[in-house]
Amino acid sequence: MRIALSAGHNVYNGKYFDCGSVGNGKRECDITKETVALLMPMLKKQGHTVIDVTPYNEHFKTKKDHHILRCIQVDKFNADLYLDIHINAGGGTGVEAWTYGVNSRATLYAKKISNNISNKIGIPNRGVKYKPTYWSVSLCKAPAMIIEGAFIDSKSDMDKLTPKKYAAAIAECFGKVEKEVAKVADNKNKPSNWAKEAWGWCVEKGFLDGNRPKEPITREEFATVLYRIKEVK
């Protein structure tokens, strides 16, 4: 199968970076980016041909423009299926997926993916919903779905969902997930040997949340770390 993936947000709309929803010390763009990075080798290991169509950090005039570009790449790739990976927000809990309509060829896969994420991660299954006006499902010829893996403003959801678990739950709907691939995913969330002591101390003191040890820090995250240090007596 030819599968196109997209990490939601991760672009600039005008002058401002689109990080998506924020909650519980996490950003949607970070979760979707890491999930896609982990999902690609899992699917390739199963024998699928996979592409990431996310235009990371590129600048666009409007929000629709980057969706147009993603969908153009999906159709150039001649994808059998397009998965647009997201994280939800708004006070709910659980996983849901969106497709063009009940008769979309993506709907059967969307139902399977939503059900598997719910079962594997242990969050409610809100099911598959239909919205033909959503850009991700309407701007490309390929059967497409938007996956909203959990709610970023739900502490319960965020305590259960990790990019590794998110990616694995999706990949399992297309074939067997090899254990060695999962080990690679684990290593991405561990600090380098030279940084273990300092990393452990920062997490223990509450300066850092223990996630994304190898990712760059934003100015607002740096400000938060300094603020937390100020509070320590």
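Look up a bit, the structure's there.
This report concerns the structure included in the present document. (Residues numbered from 1 in each chain as written. Predicted model: local features only at pLDDT ≥ 70, side-chain atom pairs only at ≥ 80, totals over all residues. Heavy atoms only, no water.)

A few words on unusual backbone geometry. Notably, H9 is not glycine yet its phi reads approximately 70°, a positive angle. In this fold, H9 is placed in the loop between β1 (2–7) and β2 (11–13). Residue classification places H9 among the buried residues on the basis of a relative accessible area of 18%. With phi around 65°, N57 is a residue other than glycine that occupies positive phi space. As for its placement among the helices and strands, N57 is situated in the loop between β6 (49–52) and β7 (59–60). (Helix = DSSP H or I, 4+ residues; strand = E, 2+ residues; numbered from the N terminus. Buried < 20%, exposed > 50% of the residue type's maximum accessible area, 1.4 Å probe, protein only.)

Once that is clear, we can look at the sheet that holds β2. In a beta sheet, neighbouring strands are held together by backbone hydrogen bonds and run either parallel or antiparallel to one another. Across the sheet, three strands lie side by side as β3-β2-β7; this open sheet has mixed pairing. Two strands lie at the open edges of the sheet, namely β3 (16–18) and β7, each paired on one side alone. Here helix α2 (residues 63–76) sits on the sheet in contact with β2, β3 and β7, set at roughly 140° to β2. (Pairing = 2+ DSSP bridges. Contact = heavy atoms within 4.5 Å. Axes fitted to C-alpha atoms, helices over the stretch in contact; angles between N-to-C directions.)

In this model helix α1 (residues 28–45) runs 26 Å from its N-terminal to its C-terminal C-alpha over 18 residues, within 8% of the 26 Å that 1.5 Å per residue would give. When you tally the buried positions in α1, you get 13 out of 18 residues, the bulk of the element. (Expected span 1.5 Å × (residues − 1).)

Note that side chains of opposite charge can pair when their charged atoms are close. For the structure shown, the criterion picks out five salt bridges. In this structure, K120 engages E172 in a salt bridge whose closest nitrogen and oxygen atoms are separated by 3.8 Å. In this pair, K120 is assigned in helix α3 (residues 107–121) and E172 in the loop between α6 (163–171) and α7 (179–188), connecting sequence segments 52 residues apart. K155 serves as the salt-bridge partner of D159, at 2.9 Å between the closest nitrogen and oxygen. Of the two residues, D159 and K155 both sit in helix α5 (residues 155–160), four residues apart, roughly one turn of that helix. The class of D159 is exposed, set by a relative accessible area of 54%. Classification of K155 by relative accessible area gives exposed; the value is 52%. (Salt bridge = Lys/Arg side-chain N within 4 Å of Asp/Glu carboxyl O.)

So, about the layout of surface pockets. Taken as a whole, the largest pocket encloses approximately 580 Å³ of empty space. Residue assignment for the lining of the largest pocket shows that the elements contributing at least two residues are β5 (26–27), α8 (196–205) and α9 (219–231). Of the residues contributing to the lining of the largest pocket, the split by class is 13 nonpolar, four polar and nine charged. (1 Å grid on protein atoms, 1.4 Å probe; cavity = no way out; pocket = protein on both sides within 12 Å on 5 of 7 lines; lining within 4 Å. Points joined across faces, edges and corners; volume = space filled by probe spheres on them. Nonpolar A, V, L, I, M, F, W, Y, C, P; charged D, E, K, R; others polar.)

Note that every value here comes from positions in space, so none of it alone points to a role or purpose.
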